[in-house]
Amino acid sequence: MKRFLLAATAVFSMTCALAEYPEKPITIVVPFSAGGPTDKVARDFAEALRKPLGGATIVIENVGGAGGTLGAAKVAKALPDGYTLLLHHIGMATSPALYRNLQYKTLDDFEYLGLINEVPMTLIGKPTLPAANYAELTKWIDANKGKVNLANAGLGAASHLCGLLFMSTLKVDMTTVPYKGTGPAMTDLIGGQVDLMCDQTTNTTAQIESGKVKAYAVTTPKRLTTPALAKLPTLDESGMKGFNVSIWHGLYAPKGTPKAVLDKVNAALKTALKDADFLKREEALGAVVVSDARTSPAEHKKWVSSEIEKWGPVIKSAGQYAD
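Computed from a prediction, not measured in an experiment: that's the story for all the values here.

K.L.:
Is there a simple way to explain helix α6 (residues 158–170) in this structure?
P.N.:
One turn of the α-helix equals 3.6 residues, which is why residues spaced by three or four share an orientation. Here α6 is 13 residues long and its end C-alpha atoms lie 18 Å apart, about the 18 Å a rise of 1.5 Å per residue gives. Those residues of α6 that fall on the buried side of the exposure criterion are Ala 158, Ser 159, His 160, Leu 161, Cys 162, Gly 163, Leu 164, Leu 165, Phe 166 and Met 167. Phi for Lys 171, located one or two positions after α6, is positive at around 60°.

Okay, structure coming up:
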C-alpha cells in the first residue's frame, strides 16, 4: 500500500510539473557565437516563442566551436526536462559526415520539435567575370577547367556545402578557397581574387543590389520575390534538376524529454511562426518562415534524415572533413 501511494504521488507530481511548464527560465543553446545569422534567428524566435509559453523567460546561451557540434553535444547530454533546448541549422545534417568522431547521434540523441525557417542561397561571381548570365557562366567554366576557384567561409560553412554540391552536380572540379568567415571571402570576391561563391541571401543581397558582384542563380526550386533577386533563375530551371540548397534552422530537445513538454513546446513553436513581428524580421533577413508539415516533430526528423542522406555522399566524395 505504501509503495502504491509513493508511485501515485510521483505520477501526480510529474503531472503537475508538466501542467505548469515552464515554471523556470528556458535556455536555448545556439552552437555558434553571438551576433551571427543563427544567433539572430534564435533571439528573434525566442521573443516570439516566449508569448505562447505564457511569457516565459527564455535565455540564449552561445556555445560555439567545432562547427556547432560542441553546443549540440551539450544539449544531447542535458537533463531532459524541457528547460534546455537547441536551435541549430543545416549543420545537424552535415556534421555526421563532416565529423567522423561525432560525440552524439543526430537522429537518436534528440527530440525533434519542428523547423523554423529556410534561408535561400545565391551563386555569385566577381564583378569582372565575363559571363553575363548562367548559360554563359557554364560555358566559361567549361572553357577554364582547372583554373576556376570557388571561395567559401570555411570548412562546413553554408558556402562550402553549397559549393561542394554545385561542383558535384555540375561534375566539374574547382579549386576551393576557404576563408575564416564570409567577410574576407566576400572582400576577395569583390576584389577579383577569387571567381565564384555560393552564399546565403542574408550575405549577398546587398552586394548584388549595389552591383559589387555578379549574380547568376538562386539555389531554391522557386524564384525569390525579393526585388534585387526576383529576376534570377533557379539552378533547377537552368538545368540542374532537383538542385535545392537552403540554410534551415530547427528546434531540438534532449532525448527522453516528456511528451507533454514536447507537445507544449511544439504548439508554441507553431504559434511563434505566425507572429507578425517575427515574420517581418525574418523577411528582412531574406529568410522564409516554414509553414508546411515540417513544423511537426515527425516531419522535421524526416527532413533532417533526408538531408543527411543528401549531404553525406557529397561530403565523403569530396574527402573534406572537419576533424
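K.L.:
Looking at this structure, I do not really get the state of the cysteines. What am I missing?
P.N.:
Formally, a disulfide is one covalent bond, and it connects the sulfur atom of one cysteine to the sulfur atom of another. One pass over the structure, following the stated rule, counts one disulfide. Covalently, Cys 162 is tied to Cys 198 through a disulfide, its sulfur atoms 1.9 Å apart. Looking along the S-S bond of the Cys 162-Cys 198 disulfide, the torsion reads about 50°, which is the right-handed sense. You can see Cys 162 sitting in helix α6 and its partner Cys 198 sitting in strand β7 (residues 196–200), a full 36 residues away along the chain.

K.L.:
Teacher, can you tell me more about the pairing of β7 here?
P.N.:
Looking down a regular strand, the side chains alternate between one sheet face and the other. For β7, the tally of buried residues reaches five of five residues, placing the bulk of the element in the interior. For strand β4 (residues 110–125) and β7, the ladder comprises five bridges, and the chain directions are antiparallel. Bridging across to β7, Ile 124 finds its partner in Met 197. Bridging between strand β5 (residues 149–152) and β7 involves two bridges; their strand directions are parallel. Looking at β7, one finds that Leu 150 is bridged to Leu 196.

K.L.:
Help me out: how do you make sense of the pattern of salt bridges in this one?
P.N.:
Between side chains of opposite charge, a pair can form as their charged atoms come close. All told, the structure shown has 13 salt bridges when counted by the stated rule. With a closest N to O distance of 3.2 Å, Asp 275 and Lys 51 form a salt bridge. Taken as a pair, Asp 275 in the loop between α9 (259–272) and α10 (276–284) and Lys 51 in the loop between α2 (37–50) and β2 (58–62) lie far apart in primary sequence, 224 residues in all. Among the residues examined, Asp 275 registers a relative accessible area of 16% and is labelled buried. Within the structure, one salt-bridge network assembled from shared partners comprises Lys 40, Asp 44 and Arg 281.

K.L.:
Just checking my understanding: could you explain the nonpolar core for this structure?
P.N.:
Among soluble globular proteins, nonpolar side chains are generally buried collectively. The biggest cluster of nonpolar side chains holds 54 residues, and the ones touching the most others in it are Phe 110, Tyr 134, Leu 137, Phe 166, Met 174 and Trp 248. Among residues more than four places away in sequence, those in contact with Trp 248 are His 88, His 89, Ile 90, Met 92, Ala 93, Leu 115, Asn 117, Glu 118, Trp 303, Val 304 and Glu 307.

K.L.:
Sorry if this is basic, but what is going on with the confidence of the model for the chain here?
P.N.:
Do not read the predicted coordinates in detail wherever pLDDT is low. For the chain, mean pLDDT is 91; residues scoring 70 or higher make up 94% of the total. Residue range residues 1–14 is modelled with pLDDT below 50. Its contacts to residues more than four positions away, or to other chains, number zero contacts.

Basis of the calculations
Residue positions are counted from 1 within each chain, in the order its sequence is given. Per-residue local features of the predicted model are confined to residues with pLDDT of at least 70, and side-chain atom pairs are confined, for both listing and counting, to 80 or more; whole-chain, interface and lining totals are unaffected and use all residues. Side-chain descriptors were evaluated using all non-hydrogen atoms of the structure, hydrogens and water having been removed beforehand. In this text, helices come from DSSP runs of H or I with a minimum length of four residues, and strands from runs of E with a minimum of two, each type numbered from the N-terminal end. Multiply 1.5 Å by the residue count of a helix minus one, and that product is the helix's expected span. Between buried and exposed lies partly exposed: a residue is buried under 20% and exposed over 50% of the maximum accessible area for its type, with that area taken using a 1.4 Å probe on protein chains only. Any cysteine sulfur atom paired with another within 2.5 Å is treated as part of a disulfide. Between any two strands, pairing holds if DSSP finds at least two bridges. One side-chain nitrogen of Lys or Arg within 4 Å of one carboxyl oxygen of Asp or Glu is enough to make a salt bridge. Residue types Ala, Val, Leu, Ile, Met, Phe, Trp, Tyr and Cys, when buried and joined through side-chain atoms within 4.5 Å, form a set referred to as a nonpolar core. Contact between two residues is taken to exist if any of their heavy atoms lie within 4.5 Å; hydrogens are not considered. What pLDDT conveys is the predictor's confidence in a given residue, as a value from 0 to 100.

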